[in-house]
Amino acid sequence: MHTDQILVFDADDTLWENNVLFERVIDGFLTWVSAPADRDRARTVLDEVEAANSAALGYGTAVFRQSLADCVQRLTGRIPSVEEQARIDELLTPLTTREVELIPGVADTLAQLAERHHLLLLTKGDQDEQQSKVAASALDHHFRGVHIVAEKSVDTYRRLTAELGLDVDRTWMIGNSPKSDIAPARGAGLRTVFIPHEHTWVLEHAELGPDEATLQLKTFPELLRHF
């Protein structure tokens, strides 16, 4: 059992469901814009558009809306009509009106961890949207700090540890994304905990090599066995 550790948590798809909700919207979108035989090609186009837009514009529902519209334009060769924009907005309704759905075991596990460790939250995305989700989760009281950033890079983790005076040997980044949570945190010298999620966004996928400083778990409550 490690005592007095600094545990830094990712939010989307680590504490609460996120990408599966986007995937449901995408499923409806692809059914609308493409014939079954063309579905894979349409998904490839959408993935390409999302990759470009996330790099240029960031993350969140507003950027996703733009990506859907841009995908329609790529597929049809014209700007989406007013009716098509309205259809996109209709598809997005579950994202704009949803409540936060915690991943099983998260609330109880965080409550216990907060009694003996220093907990922080580090999430990327639109500032207002992510803050709204944090508030709706009713988990914010467990964290000594909530940090919302545009992107998670090695420099992001270095700045966080420097600004807060964290000891990297006692600081663990916990998340589901190899690309955003594990690789850059390791690059900054932090220890890491990888908890995979079956619906992790395709753009967050990356290969994880063997690393004794990365603990791999299957479920969130398993953290209690190690911390």
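As shown above, the structure is provided for reference.
From a predicted model like this one, the values you see are computed outputs, not experimental measurements.

### Re the pairing of strand β2 (residues 118–124)
Strand residues, when the strand is regular, have side chains that alternate between the two faces of the sheet. Across the seven residues that make up β2, a large majority, six, are buried. Bridge count for strand β1 (residues 6–9) against β2 is four bridges, and the pairing is parallel. Pairing of Leu7 across the sheet is with Leu119, part of β2. The pairing of β2 with strand β3 (residues 145–149) spans five bridges and is parallel. Within β3, the residue paired with Leu121 across the bridge is Val146. Once you follow β2 into helix α6 (residues 127–137) and on to β3, the crossover reads as right-handed.

### Concerning the sheet that holds β3
Spatially, six strands are ordered β3-β2-β1-β4-β5-β6 in an open sheet, and the strand pairing comes out parallel. With one partner strand each, in any of the chains shown, β3 and β6 (214–216) form the two edges of the open sheet. Strand after strand, the sheet turns through a mean of 20° between neighbouring axes, direction not considered. In the sheet, strand β5 (residues 191–194) pairs with β6 via three bridges, with the strands oriented parallel. Note on β6: the bridge partner recorded for Thr192 is Thr214. Packing against the sheet, α6 makes contact with β2 and β3, and its axis sits at approximately 150° to β3. Against the sheet, helix α8 (residues 178–187) contacts β2, β4 (171–175), β5 and β6, and its axis sits at roughly 160° relative to β5.

### Re the nonpolar core
In this structure, Phe9, Leu15, Leu110 and Leu223 are the most contacted members of the largest nonpolar core, which totals 23 residues. For this core, the elements supplying multiple residues, two or more each, are β1, α5 (106–114), β2 and β4. Among the elements that line this core, the one with the most residues is α5, at three residues. The residues touching Leu110, leaving out its near neighbours within four places in the chain, are Phe9, Leu15, Leu119, Leu139, His142, Phe143 and Phe220. In this structure, Phe29, Val72, Leu92 and Leu95 belong to the second largest nonpolar core, which totals 20 residues.

### A few points about the environment of Asn18
For Asn18, the location among the structural elements is in the loop between β1 and α1 (19–33). On the basis of relative accessibility, which here comes to 10%, the residue Asn18 falls in the buried class. Linking Asn18 and Val100, residues 82 residues apart in sequence, is a C-alpha distance of 8.5 Å.

### Things to note about α8
Turning to α8, its buried residues are Pro178, Ser180, Asp181, Ile182, Pro184 and Ala185. Elements in contact with the buried residues of α8: β2, α7 (154–164), β4, β5 and β6. Once α8 finishes, Gly189 follows within two positions and takes phi at roughly 95°, a positive value.

The rules behind each value
- Residues numbered from 1 in each chain as written.
- Predicted model: local features only at pLDDT ≥ 70, side-chain atom pairs only at ≥ 80, totals over all residues.
- Heavy atoms only, no water.
- Buried < 20%, exposed > 50% of the residue type's maximum accessible area, 1.4 Å probe, protein only.
- Helix = DSSP H or I, 4+ residues; strand = E, 2+ residues; numbered from the N terminus.
- Pairing = 2+ DSSP bridges.
- Right-handed = clockwise from strand over helix to strand, strands pointing away.
- Axes fitted to C-alpha atoms, helices over the stretch in contact; angles between N-to-C directions.
- Contact = heavy atoms within 4.5 Å.
- Core = buried A, V, L, I, M, F, W, Y, C linked by side-chain atoms within 4.5 Å.

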